[in-house]
Amino acid sequence: AAQGARALMLRAAAKLDLGDASGAAADARAAAERAPEGSAVAVRALVRLGHCLDRMGHHAQAVHEGYDPALQLAPGSQLVRGHRDAAARRAHTAAAAPASGSNTGPAWCGGGADMTDMLSDPEVVAMA
């Protein structure tokens, strides 16, 4: 199950890098469902899902479906909390000004640095 989840996460990352945030979200969601319950793989899949939803401009959904569940699994992760808080701020800003145009999220949404940082997060590594 973990190998399949990891493969889906890689595909999600590739799709997100190629601009297919919707396809990436579907793969990230599937990875989260296949990952062993409570595992570091599950945390990373949920964070990737949050990034995908955030990239699509669904900031509140990113918080509720991606980052909050990841924080339930890794409550001490400051990295996950930072992503969650940033998406929550964007959700609040978008709700206050819905006609502000297309919001594709910050540059880090699809990059590899967030996963590298997550792998160095002691809370997530301890779960592995």
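Here, the structure is the one placed above.
Residues numbered from 1 in each chain as written. Predicted model: local features only at pLDDT ≥ 70, side-chain atom pairs only at ≥ 80, totals over all residues. Heavy atoms only, no water.

Asks: Before we go on, may I ask you to explain the overall build of the protein chain in this structure?
Replies: Across its full length, the protein chain holds 7 helices and 0 strands. Going from the N terminus to the C terminus, the protein chain shows its helices and strands as α-α-α-α-α-α-α. Residue burial in the protein chain is summarised as follows: out of 128 residues, 43% are buried. Put simply, 66% of the contacts in the protein chain that link residues at least 6 apart link residues at least 24 apart. Split by element, the accessible area of the protein chain, about 6,200 Å² in all, is 56% carbon and sulfur. (Helix = DSSP H or I, 4+ residues; strand = E, 2+ residues; numbered from the N terminus. Buried < 20%, exposed > 50% of the residue type's maximum accessible area, 1.4 Å probe, protein only. Contact = heavy atoms within 4.5 Å. Areas by Shrake-Rupley, 256 points an atom, 1.4 Å probe, with all protein chains shown as cover.)

Asks: Just checking my understanding: could you explain the environment of Arg89 for this structure?
Replies: With respect to the helices and strands, the residue Arg89 is situated in helix H5 (residues 78-96). Look at Arg89 and you get exposed, because its relative accessible area is 54%.

Asks: I'm lost on the environment of Arg34 in this one. Help?
Replies: Note on placement: Arg34 falls in helix H2 (residues 21-34). Measuring from C-alpha to C-alpha, the distance between Arg34 and Ala45 comes to 9.6 Å, with 11 residues separating the pair along the chain. If sequence neighbours within four positions are ignored, Arg34 has contacts with Ala1, Ala5 and Leu8.

Asks: Honestly, the packing of helix H3 (residues 40-55) against H5 in this entry has me stumped. Any pointers?
Replies: What describes two packed helices is the angle between their axes and the distance between those same axes. At a minimum axis separation of 11 Å, H3 and H5 run at an interaxial angle of 20 degrees. Relative to H5, the element H3 lies roughly parallel. For the pair H3 and H5, the crossing hand works out as left-handed. Contacts between H3 and H5 involve Val43, Val47, His51 and Asp54 from the former and Val80, His83, Ala87 and Arg90 from the latter. (Axes fitted to C-alpha atoms, helices over the stretch in contact; angles between N-to-C directions. Parallel < 35°, antiparallel > 145°, perpendicular 65-115°, else oblique. Left-handed = near helix turned anticlockwise from the far one by under 90°.)

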